[in-house]
Amino acid sequence: MNYQSKEYRQYHRKWSMKWRAKHREKLNKKSREYYAQNKEKKRAYSRAWYKKNSKKVCIRAKKYRKKLGKKYTTHFRIWMRAWRAKHPEKIKEYHKKYYDSHYNKILKMNRKYKNGVGHNKVKLWSIDYNYRRRANISKNECSITTKDLRTITLTFKICPYCQIRKATTFEHIIPLLPRNISMPRGQHIKENIIRVCSSCNFSKQDKDPIKWCKEKGYPVPEIVIERLKIMKTMGVT
Ligand SMILES: [Zn+2]
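Residues numbered from 1 in each chain as written. Predicted model: local features only at pLDDT ≥ 70, side-chain atom pairs only at ≥ 80, totals over all residues.

**Side note on the overall build of the chain**
Within the chain, the secondary structure is distributed over 12 helices and two strands. Of the regular secondary structure in the chain, the N- to C-terminal order runs α-α-α-α-α-α-α-α-α-β-β-α-α-α. Here the C-alpha radius of gyration of the chain, 35 Å, is well above what a compact globule of 237 residues would show, namely 18 Å. Along the first, second and third principal axes, the C-alpha set of the chain runs to 115 × 40 × 30 Å. Burial statistics for the chain: of 237 residues in total, 10% are counted as buried. Restricting the contact set of the chain to residue pairs at least 6 apart, pairs at least 24 apart contribute 62%. (Helix = DSSP H or I, 4+ residues; strand = E, 2+ residues; numbered from the N terminus. Rg over C-alpha atoms; globule rule 2.2 N^0.38 Å. Buried ≥ 20, exposed ≤ 12 C-beta atoms within 10 Å, placed from the backbone. Contact = placed C-beta atoms within 7 Å.)

Laid out in structure tokens, this is it:
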């Protein structure tokens, strides 16, 4: 028999595959035993191999991911979520390590976000938070959103009180915390908020809007009268 012939090689391959399938458990057990005995040797070998062929592995993995497409991402996400739920301490430790080693970078990025793209977002959010704190309500009790605040800023361009300066600050028509106890307490709702200039806002503070307008000699703005009527029908004041 010619052991180098193609037919023989094919025959041998088939036979060996059959044999392996028959003795799968035995083989698995053996390989497991071998791995347990030579753990470090095997690990070192695989590590060295990975170091040598890391680029190859990367390319192959990328191809595999591309081939599976969405299936892979959903599968990976599920797996990752399960792993995270299982090892919360590890994740905490990892975050801590990352924060310590990238502290300056994180600080820089936060500053950039605050001054750049997220500037208005952060500002509005912090303003809203402050108002909620003063009104003593939580986010869940609050009907106003940062989106509402943004629309208010876009609708008011000139201060309705003095009608000269630019409207740059939020104003609660009925103040949130009036010093005068007999006056009703204003609420942090859409109907109670307008935009005015900073000097009018500073001057008015927590006074009654109509009284303050008379004091200043300004005509009471139509918007204020309208809003007061609306709030009265709502039963807020
Ligand atoms: Zn003004």
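**Some remarks on the pairing of strand β2 (residues 193-196)**
Successive residues of a regular strand alternate their side chains across the two faces of the sheet. Of the two faces of β2, both are covered, the one formed by Ile193 and Arg195 as well as the one formed by Ile194 and Val196. Taken together, the four bridges between strand β1 (residues 169-172) and β2 define a ladder with antiparallel strand orientation. Across the sheet, the residue bridging to histidine 172 is isoleucine 193, located in β2. (Pairing = 2+ DSSP bridges.)

**Remarks on the nonpolar core**
Core analysis: the largest hydrophobic core is formed by 11 residues, namely Phe156, Cys159, Tyr161, Ala167, Ile173, Ile174, Ile193, Ile194, Val196, Cys197 and Cys200. Discounting residues that sit within four places of it in the chain, cysteine 159 has contacts with Ile164, Arg165, Ala167, Val196, Cys197 and Cys200. (Core = buried A, V, L, I, M, F, W, Y, C linked by C-beta atoms within 7 Å.)

**Re helix α5 (residues 70-86)**
Over its 17 residues, α5 extends 24 Å from the first C-alpha to the last, a length consistent with the 24 Å expected when each residue adds 1.5 Å. The buried fraction of α5 amounts to zero of the 17 residues, a small share that puts the element mostly on the outside. (Expected span 1.5 Å × (residues − 1).)

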